[in-house]
Amino acid sequence: MNKEQRRKAANAQRQRENADPDESVRPLPWVLVMLLGAMAMWGSFYIYITPSGEDSAYGDQRTVTDLRPPVALAGGPAAIDGKQVYAGKCVACHQATGLGVAGVFPPLAGSEWVIGDEVVLTHILLHGVNGEMVVKGNTYNGAMPAWKSMSDGELAAVITYIRSDWGNSAAPVLEATIKAQREATKDRAEPYQGGKDLKS
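Calculation rules
Residues numbered from 1 in each chain as written. Predicted model: local features only at pLDDT ≥ 70, side-chain atom pairs only at ≥ 80, totals over all residues. Heavy atoms only, no water. Salt bridge = Lys/Arg side-chain N within 4 Å of Asp/Glu carboxyl O. Helix = DSSP H or I, 4+ residues; strand = E, 2+ residues; numbered from the N terminus. Buried < 20%, exposed > 50% of the residue type's maximum accessible area, 1.4 Å probe, protein only. Contact = heavy atoms within 4.5 Å. Core = buried A, V, L, I, M, F, W, Y, C linked by side-chain atoms within 4.5 Å. Axes fitted to C-alpha atoms, helices over the stretch in contact; angles between N-to-C directions. Left-handed = near helix turned anticlockwise from the far one by under 90°. Nonpolar A, V, L, I, M, F, W, Y, C, P; charged D, E, K, R; others polar.

1. Topic: the pattern of salt bridges
Moving on, step 1. In this structure the tally under the stated criterion is three salt bridges.
Moving on, step 2. As a salt-bridge pair, D152 and R182 come within 2.8 Å of each other at their nearest N and O atoms. Highlighted residues: D152 in helix α8 (residues 152-162) and R182 in helix α9 (residues 175-184), separated in sequence by 30 residues.

2. Regarding the side chain of D152
Moving on, step 1. For D152, a relative accessible area of 14% translates into the label buried.
Moving on, step 2. D152 has contacts with E175, I178, K179 and R182, leaving out every residue within four places of it along the chain.

3. Points about the nonpolar core
Moving on, step 1. If you look at the biggest cluster of nonpolar residues, it comprises 29 residues, and the most contacted ones within it are Y86, I124, V158, I162 and L198.
Moving on, step 2. Element by element, the count of residues in this core is highest for α8, at six residues.
Moving on, step 3. Discounting chain neighbours no more than four positions away, the residues touching L198 are W113, V120, H123, I124, V129, M133 and Y192.

4. Re the packing of helix α7 (residues 118-127) against α9
Moving on, step 1. It is at 10 Å that the axes of α7 and α9 come closest, and there the two elements cross at 65°. Here the hand of the crossing between α7 and α9 comes out right-handed. Counting all contacts with α7, which are made through E118, V119, T122, H123 and L126, the residues of α9 involved are T177, I178, Q181 and R182.
Moving on, step 2. Of the residues in the contact of α7 with α9, the class split is three nonpolar, four polar and two charged.

Given below as structure tokens:
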């Protein structure tokens, strides 16, 4: 077989083969195009009608006041957010609602220990309490840790917060009060032994 014959035979073989498949350009189905357009229009409309600024009906329900930094008051706690201190130190036991855990951790909402004598409350946070305490008619037998490692400003801020949230409406506690009570009880090395020891 000469060269020309071989070329013809190769061409004949190639002509018998089917062409490689090729996907042509196909437009999106019109139903899908309409759906995407409708979704884009609805998204734009939703953004337009959603209020912003003072209205907290959407999102995480925080108001503008919640987002503003605390304002330092003359003679009061420095610009320390008592709510943040509470969230970092106290919320695990007393809960975000201030209701505590029934039979285990006493509530702060409506507690006579919280809205009562600020000096006693200051002693609780400075030195802690072990043993029985009656809170809102229920007896709790546990351990409250001492928070004397916290600054006077932090203690004043968190005490002021718990005395004014969850329906509580007691007066704020000044940083000077914490400082005075820390000095007055500086020799105490143990926690108070229950509510009776605190009252005495």
